[in-house]
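Here are the chains, one letter per residue:
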Amino acid sequence: MTDPIKAAILSLNYSPEPTGIAPYTTSLARHLSTAGKRVTAITGFPHYPQWKRNPDDRGWRRRDLDQGVHLRRLTHYVPNPPRGSRRLVSEITFGLHQVRVGWNRPSVTVFVSPALFSSALCMARSRTFSRSKRVVWVQDLYSQGMAETGEGKGLAVRVAAGVEGWLLRNADAVVAIHPAMAERIATDLKVDPERIHVVPNWSHITVEPVDRASVRARHGWAEDDFIVLHAGNIGKKQGLSNVVEAAKLAEASESKVRFVLLGDGADRARLEQEAGDCSRLTFMDPLPGDDFTAALQAADALLVNELPGVREMAVPSKLTSYFAARRPVIAATDPTGIVASIMSDAHAGPIVQSGEPDLLLAAAEDLSDDATFADHASEAGYAYFQENLSEAGAMQSWDSILKAVTRA
């Protein structure tokens, strides 16, 4: 039976991109399609986290069908590194292409931010030419991120905050992924709290039992290595020079802790040069689905590392996968920020101040020396995942939000 709701999802990122926003956008689109809604996703060509478009993805536009979702892929400038004016040009070129194509006359449109400026262009089109209800899904607070990472100052941050506030205030509903983010949206960006909803991101991986010994052998991890794995984007926000320095300390002290950076991103080449021939640090290319999950499960601890100063701009999507993988987690972050709050609620492992490599190494060594602590953190994080981060619960929340918005 066909649902009367016709949905358009406007997002820069979509499957097969393995990390970041793409898995969540894709899951929502597929869920709505399975529920009988006609879903159109206006998205870019795959390019994240390596910030480089696949040479096989030629052309300016392409139509695809993804499990019932009508995909319209549009070209845009891909910046590398994705910073400052380059990122702005990327978002504007994508937005200009989005506003020129058909959206199949949706009854509800979901704008995924970031990309902020392409979303703002599309919001302007929607307000002018469409009777669609409008929902903005905030994955990162753009203006706050500029301030926290040092990407922008003064006028640039104020302009971004002005655009972001305008975008959110013109939505019929705003979806944030954490209560602290929702509070910021209400207080800093002057959005009516009654229109703000919180739907946490969920785990998008499927966890099956693995032979940890064989997975470790395949990746060259020695039996007596204590593997601390960071998975996902390797960019400025992650502040991974901290991990490089911790690995050098581990090498100097002949520690059994070994750090692994799994993924790609704008900062990887710089970090590889910075690491040199350090024996306690390994870089790994992104892994497909089951291999990625197996690597998480085979590690001894999983790492969230943030740039000093990053507090409330985002919730790293890797946290949900980490908890689902049933491994202890180390968070090198601001103790007063969102990540520390989630970690404290989950009791999933130690929290240390970001940008302090000696503290990061000490936390890893504490876990390696205390199997009881590590096991307790693993089970507590998994229990938190089951109770709070299920995909079924998130989809139920989305169904309620879209139903309420379209009936209003």
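Residues numbered from 1 in each chain as written. Predicted model: local features only at pLDDT ≥ 70, side-chain atom pairs only at ≥ 80, totals over all residues. Heavy atoms only, no water.

Novice: Can you tell me about the pattern of salt bridges, naming the residues and giving the values?
Specialist: Enumeration over the complete set of coordinates arrives at 17 salt bridges. Among the ionic pairs, D140 bridges to K237, the shortest N-O distance being 3.3 Å. Here the residue D140 occupies a position in the loop between β6 (133-138) and α4 (142-149), and K237 occupies one in the loop between β9 (226-231) and α8 (241-252), the gap between them amounting to 97 residues. Residue classification places K237 among the partly exposed residues on the basis of a relative accessible area of 25%. In this structure, a network of salt bridges that share partners links the residues D57, R62, D64 and R73. (Salt bridge = Lys/Arg side-chain N within 4 Å of Asp/Glu carboxyl O. Helix = DSSP H or I, 4+ residues; strand = E, 2+ residues; numbered from the N terminus. Buried < 20%, exposed > 50% of the residue type's maximum accessible area, 1.4 Å probe, protein only.)

Novice: I'd like a rundown of unusual backbone geometry, residues and numbers included.
Specialist: Peptide bonds are mostly trans, and most non-glycine residues show a negative phi. Here the residue pair N80 and P81 is connected by a cis peptide bond, since its omega of 10° sits within 30 degrees of zero. Following the sequence through the fold, P81 ends up in the loop between β4 (69-74) and α2 (84-100). Between S113 and P114 the backbone carries a cis peptide bond, its omega angle lying at -5°. Mapped onto the fold, P114 is located in the loop between β5 (108-113) and α3 (116-129). If you check the backbone angles, Q67 has positive phi at about 50° while not being a glycine. Tracing the backbone through its elements, the reader meets Q67 in the loop between β3 (61-66) and β4. We classify Q67 as exposed; its relative accessible area is 56%. Here the phi dihedral of R326 falls at roughly 65°; this positive angle occurs in a residue that is not glycine. When you line up the elements, R326 lands in the loop between α11 (318-324) and β13 (329-333). The exposure class of R326 is partly exposed, given its relative accessible area of 38%.

Novice: Let's hear about helix α1 (residues 22-34): which residues, and what values?
Specialist: For α1, spanning 13 residues, the distance from its first C-alpha to its last is 18 Å, which sits close to the expected 18 Å at 1.5 Å a residue. Extensive coverage of α1 is indicated by the burial of 10 of its 13 residues. At the C-terminal side of α1, G36 shows a positive phi close to 100°. (Expected span 1.5 Å × (residues − 1).)

Novice: Could you give me a rundown of a nonpolar patch on the surface, with the residues and numbers involved?
Specialist: Residues L88, I92, L96 and L121 make up a contiguous nonpolar surface patch of about 280 Å² in total accessible area. Here the nonpolar patch gets 3 residues from one element, more than from any other, and that element is α2. With a relative accessible area of 31%, L121 lands in the partly exposed category. (Patch = residues over 30% accessible without salt bridge, like charges linked within 9 Å, V, L, I, M, F, W, Y side chains within 5 Å. Areas by Shrake-Rupley, 256 points an atom, 1.4 Å probe, with all protein chains shown as cover.)

Novice: Run through the nonpolar core, naming residues and quoting values.
Specialist: Judged by nonpolar contacts, the single largest core of 98 residues is most densely connected at V135, W137, L168, I185, L296, F323 and W398. When residues of this core are assigned to their parent elements, the largest contribution, 6 residues, is made by helix α15 (residues 391-407). V135 has contacts with V108, T109, V110, F111, A173, V175, W398, L402 and V405, leaving out every residue within four places of it along the chain. Core analysis: the second largest hydrophobic core is formed by 28 residues, F226, V243, A275 and V352 among them. (Core = buried A, V, L, I, M, F, W, Y, C linked by side-chain atoms within 4.5 Å. Contact = heavy atoms within 4.5 Å.)

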